[in-house]
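Given next are the chains, with one letter for each unit.
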Amino acid sequence: MEMQQVRYFLALSSTLNFTRAAEECNVTQPALTRAIKTLEDELGGELLRRERQHSHLTELGRRMLPLLQQCYDAATSAKSLAKAVQSSDVAPLNVTISNSVNIALLVSPFTELFRAYPGVHLKINRGSPTAVVEALKNGEVELAVAGPLGQAWDRLDTWPLFQEGIELVVNSDHPLARRNEADVALSQLAGEPVLSRIDWETSDELSRCLAAKGLTPRTAHEVETDHDLLALLEANAGVGFVSVTAPRTPNIRRLKLRDVDISRVVSVYAVAGRHRSPVATTLLNLLRSTDWSSFGVSEPV
């Protein structure tokens, strides 16, 4: 099936007249008739019932019309997009952001990016640390924003953005929240059901710090994202840990940990030695130059 045949059929379905359809498509009527006949042979039946003044689409023609219209529109859009990309009117950029990074942090650099590249076509993927590294490895994305990825891959270029603390979060009706204290001792968490994060960049460091202080949390439930964790906390399912910049909800109380200081560094990552597009380089520079202090974080050590 050729797009030319589809275009001829769409014109014919609109006019229900071979002569007018040929004029609309700027071809001869015999050429249009042959193309329609070829299309009918490929689809296995008549598309138009020819009855002098009362020509009309057959059942097959009516069923095929929306599908072929969609096919033609998609092809036209693809052609327009390809032309725009070649002329730099559109600048595609794929970025992956860790599940544990609040996208609200990136509003300011994204705003500046859209101002610099009005035609940017941004595609944002979310994922675990493992998924972030795989997306970079496979060339699916040019940049990634995440917490510590450790030694996951030796070809990662890393630019630290900010350092943030880790806080305890509980439902506002939880006994720890009703104590009217800004912090809690680790001993107060003994026996508390703890919501665990699946494949969280800070999980290992948090476990080591808590174990060093003699606390082994009792895992109650497992979640992947801050939003899921907060949702379970809304149901008073236990206690949890989030970063300072994680989303906030009115029914959740945040508390400092009195006996331990746990923090993480959020960075932007790219693949060393791999070509970066101008729009990716612009976003990288914007992220590195952003002042993050308004979010309650500090310069990375």
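It should be emphasised that the depicted structure is a prediction, and the values quoted were computed from it without experimental measurement. (Residues numbered from 1 in each chain as written. Predicted model: local features only at pLDDT ≥ 70, side-chain atom pairs only at ≥ 80, totals over all residues. Heavy atoms only, no water.)

1. Notes on the overall build of the protein
- Per the secondary structure count, the protein includes nine helices and twelve strands.
- Taken over C-alpha atoms, the radius of gyration comes to 29 Å for the protein, far larger than the 19 Å a tight globule of 301 residues would show.
- Each principal axis of the C-alpha distribution contributes one length, and for the protein these read about 90 × 45 × 30 Å.
- Residue burial in the protein is summarised as follows: out of 301 residues, 43% are buried.
- The long-range share in the protein, meaning contacts at least 24 apart out of those at least 6 apart in sequence, stands at 75%.
- Just so you have it, the protein exposes about 16,000 Å², and 49% of that area is on carbon and sulfur atoms.
- Taking the 31 positively charged and 36 negatively charged side chains of the protein as two groups, their mean positions are separated by 4 Å. (Helix = DSSP H or I, 4+ residues; strand = E, 2+ residues; numbered from the N terminus. Rg over C-alpha atoms; globule rule 2.2 N^0.38 Å. Buried < 20%, exposed > 50% of the residue type's maximum accessible area, 1.4 Å probe, protein only. Contact = heavy atoms within 4.5 Å. Areas by Shrake-Rupley, 256 points an atom, 1.4 Å probe, with all protein chains shown as cover. Lys, Arg positive; Asp, Glu negative; His and termini not counted. Charge placed at Lys NZ, Arg CZ, Asp CG, Glu CD.)

2. A closer look at the pairing of strand β10 (residues 240-243)
- Of the two faces of β10, the one carrying Gly 240 and Val 242 and the one carrying Phe 241 and Ser 243 are both buried.
- As judged from the four bridges shared by strand β6 (residues 156-171) and β10, these two strands associate in the antiparallel manner. Looking across to β10, one finds that Leu 168 is bridged to Phe 241. (Pairing = 2+ DSSP bridges.)

3. A look at the side chain of Thr 96
- By the secondary structure assignment, Thr 96 is in strand β3 (residues 91-98).
- With relative accessibility at 3%, the residue Thr 96 sits in the buried group.

4. Overview of the packing of aromatic side chains
- Considering all chains together, one arrives at three aromatic pairs under this definition.
- With 6.3 Å between their ring centres and 25° between their planes, Phe 110 and Phe 114 make a pair best called stacked. Of this pair, Phe 110 and Phe 114 both sit in helix α5 (residues 107-116), four residues apart, roughly one helical turn.
- Looking at Phe 110, the relative accessible area reads 9%, which means it is buried.
- Residue class for Phe 114 comes out partly exposed when judged on its relative accessible area of 41%.
- When the centroid spacing of 5.2 Å and the interplanar angle of 50° are considered together, the rings of Phe 162 and Trp 292 count as tilted. Here Trp 292 lies in the segment after α9 (278-289) and Phe 162 lies in strand β6, a separation of 130 residues in the sequence. Across the pair, exposure class does not vary: Phe 162 and Trp 292 are buried alike.
- Counting every residue linked through ring pairs, the aromatic cluster contains Phe 162, Trp 292 and Phe 295. (Phe/Tyr/Trp six-rings, centres within 6.5 Å; stacked < 30°, edge-to-face > 60°.)

5. Section: the confidence of the model for the protein
- Confidence along the protein averages 89 in pLDDT terms, with 95% of residues attaining 70 or more.
- The weakest mean pLDDT in the protein belongs to helix α4 (residues 59-86) at 78; the strongest belongs to strand β5 (residues 143-146) at 97. (pLDDT = per-residue confidence, 0-100.)

6. Overview of the pattern of salt bridges
- All chains considered together, the criterion is met by 17 salt bridges.
- One salt bridge in this structure joins Glu 46 and Arg 49, with 3.3 Å as the shortest N-O distance.
- Assessed through its relative accessible area of 36%, Arg 49 is described here as partly exposed.
- Linked through salt bridges whose partners overlap, the residues forming this network are Glu 40, Glu 46, Arg 49 and Arg 50. (Salt bridge = Lys/Arg side-chain N within 4 Å of Asp/Glu carboxyl O.)

7. Considering the domain arrangement of the protein
- Taken domain by domain, the protein comprises domain 1 (3-86), domain 2 (93-162 + 265-295) and domain 3 (164-264).
- Taking only C-alpha atoms into account, the centre of domain 2 sits 27 Å from that of domain 3.
- Every contact between the two is made by 17 residues of domain 2 and, on the other side, 14 residues of domain 3.
- Considering only the surface of domain 2 that becomes buried against domain 3, Asn 99, Ser 100 and Asn 102 emerge as the three largest contributors, covering 41% of it.
- Taken together, the links from domain 2 to domain 3 amount to zero salt bridges.
- The interface formed by domain 2 and domain 3 holds seven residue pairs in polar contact (both at pLDDT 80 or more) in total.
- Among the secondary structure elements, those contributing two or more residues to the side of domain 2 that touches domain 3 are α6 (129-137) and β12 (263-271).
- The residue inventory of the side of domain 2 that touches domain 3, partitioned by class, reads ten nonpolar, seven polar and no charged. (Domains from an automatic or database assignment. Buried area = accessible area lost by both parts, 1.4 Å probe. Polar contact = N/O pair within 3.5 Å; in protein donor to acceptor, adjacent residues only side chain to side chain. Nonpolar A, V, L, I, M, F, W, Y, C, P; charged D, E, K, R; others polar.)

8. Side note on the environment of Arg 178
- Structurally, Arg 178 can be placed in the loop between β6 and β7 (183-184).
- Arg 178 sits 75 residues away from Arg 253 along the chain, and the two C-alpha atoms are 9.4 Å apart.
- Not counting chain neighbours up to four residues away, the residues in contact with Arg 178 comprise Ser 172 and Asp 173.

9. Brief notes about the nonpolar core
- Judged by nonpolar contacts, the single largest core of 26 residues is most densely connected at Leu 93, Val 268, Leu 283, Leu 287 and Trp 292.
- If you list the elements that add at least two residues to this core, you get β3, α5, β5, β6, β12 and α9.
- Counting residues per element, this core draws most heavily on α9, at six residues.
- Aside from chain neighbours lying at most four places away, what touches Val 268 is Leu 143, Ala 144, Val 145, Asp 157, Thr 158, Trp 159, Leu 161, Leu 284 and Leu 287.
- Within the second largest apolar cluster, 20 residues are counted, among which are Ala 177, Val 184, Leu 215 and Ile 262. (Core = buried A, V, L, I, M, F, W, Y, C linked by side-chain atoms within 4.5 Å.)

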